[in-house]
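# A structural walkthrough
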Amino acid sequence: SILPSGNIPPGVNPEAYQWFQTVDTDHSGFINPKELKQALVNSNYSAFNDETCLMMINMFDKTRTGRIDLFGFSALWDFIQRWRVLFQQHDRDCSGSISGMELQQALAQMGYNLSPQFSENLVRRYAMRGARPGIQLDRFIQVCTQLQSMTQVFRERDTGMTGNIRLSYEDFLSGAVTRLM
Ligand SMILES: [Ca+2]
């Protein structure tokens, strides 16, 4: 490791510091997407999907090198813990997954006014085949984060707060391309 143990830098969560040492298997001082994927499991013991791992690396990679340092990792650790708590809160039937109805309630509590059909469609899109209908923590994080991000794009353009915006085809694609990964 790049830092002596017991010498946790200010602003770094001690648990995240411990975990960093374990996850950084090649001891480079950085976490790459492969190392992150190996470190994260859903409540059904499935590995986090590649898209969510890459999305989170991009979110917390302040150096733009495709990997995250200890500080980015600490922020990522907090981020995942917050989503894990929300996931557990909204998994009302304790099935270990979030159903369409549970997602609808979660999104409503986050302030999104979306139809039940919207949540059902999202869950159907991301539910694991063969499993009970529902999404795991990785997809929950991915779906909610992308929704927040796309909503932010919308709000920036909806200057009159009418709930409607005009987008050119290329603006639409640009928003989708930059936000979805
Ligand atoms: Ca559930």
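Above this text is the structure in question.
Here the residue numbering is sequential within each chain, running from 1 through the sequence in written order. Residues qualify for local features only when their pLDDT is at least 70, as the model is predicted, and side-chain atom pairs are given and counted only at 80 or more; totals for whole chains, interfaces and linings, by contrast, use all residues.

## Some points on the overall build of the protein chain
On a plain count of helices and strands, the protein chain comes out with eight helices and zero strands. Helix numbering and strand numbering both begin at the N terminus, where a helix is a DSSP run of H or I of at least 4 residues and a strand a DSSP run of E of at least 2. Reading the helices (α) and strands (β) of the protein chain from amino to carboxyl end gives α-α-α-α-α-α-α-α. When its C-alpha atoms are laid out on the principal axes, the protein chain stretches across 55 × 40 × 25 Å. With C-beta atoms placed from the backbone, the exposure class of a residue follows from how many other C-beta atoms lie within 10 Å of its own: 20 or more, buried; 12 or fewer, exposed; in between, partly exposed. Buried residues in the protein chain amount to 25% of all 181 residues. When contacts within the protein chain are restricted to residue pairs at least 6 apart in sequence, those whose partners lie at least 24 apart make up 49%. By the convention adopted here, residues are in contact when the distance between their C-beta atoms, placed from the backbone, does not exceed 7 Å.

## Let's talk about the nonpolar core
Only buried Ala, Val, Leu, Ile, Met, Phe, Trp, Tyr and Cys residues enter a nonpolar core, and they are joined through C-beta atoms within 7 Å. Membership of the largest hydrophobic core comes to 17 residues, with the highest contact counts inside it found for Met56, Ile57, Ile68 and Phe73. Where this core is concerned, the elements lending two or more residues are α1 (14-23), α3 (50-60) and α4 (70-90). In terms of residue count, the dominant contributor to this core is α3 (five residues). When near neighbours in sequence (up to four residues on either side) are disregarded, Ile68 contacts Phe30, Ile31, Ile57, Phe60, Asp61, Phe73 and Leu76. Grouped together as the second largest cluster of nonpolar side chains are 12 residues, Ala106, Leu122, Ile135 and Phe140 included.

## Re α4
Residues lying three or four places apart along an α-helix face the same way, a consequence of the helix completing one turn every 3.6 residues. Expected helix span is taken as 1.5 Å per residue step, with the number of steps being one fewer than the number of residues. Its 21 residues give α4 an end-to-end C-alpha distance of 30 Å, which sits within 8% of 30 Å, the value for a rise of 1.5 Å per residue. Those residues of α4 lying buried are Leu70, Gly72, Phe73, Ser74, Leu76 and Phe87. Tucked into the core, α4 has its buried residues touching α1, α3 and α7 (137-157).

## Digging into α1
Within the span of α1, buried status applies to Ala16, Tyr17 and Phe20. One side of α1 holds all its buried residues, which, seen down the axis, span an arc of 105°. Opposite the buried face of α1, at more than 90 degrees from it, the exposed residues are Pro14, Glu15, Gln18 and Thr22. In this structure, the buried side of α1 is in contact with α4. As used here, the arc is the angular range of directions from the helix axis to the C-beta atoms.

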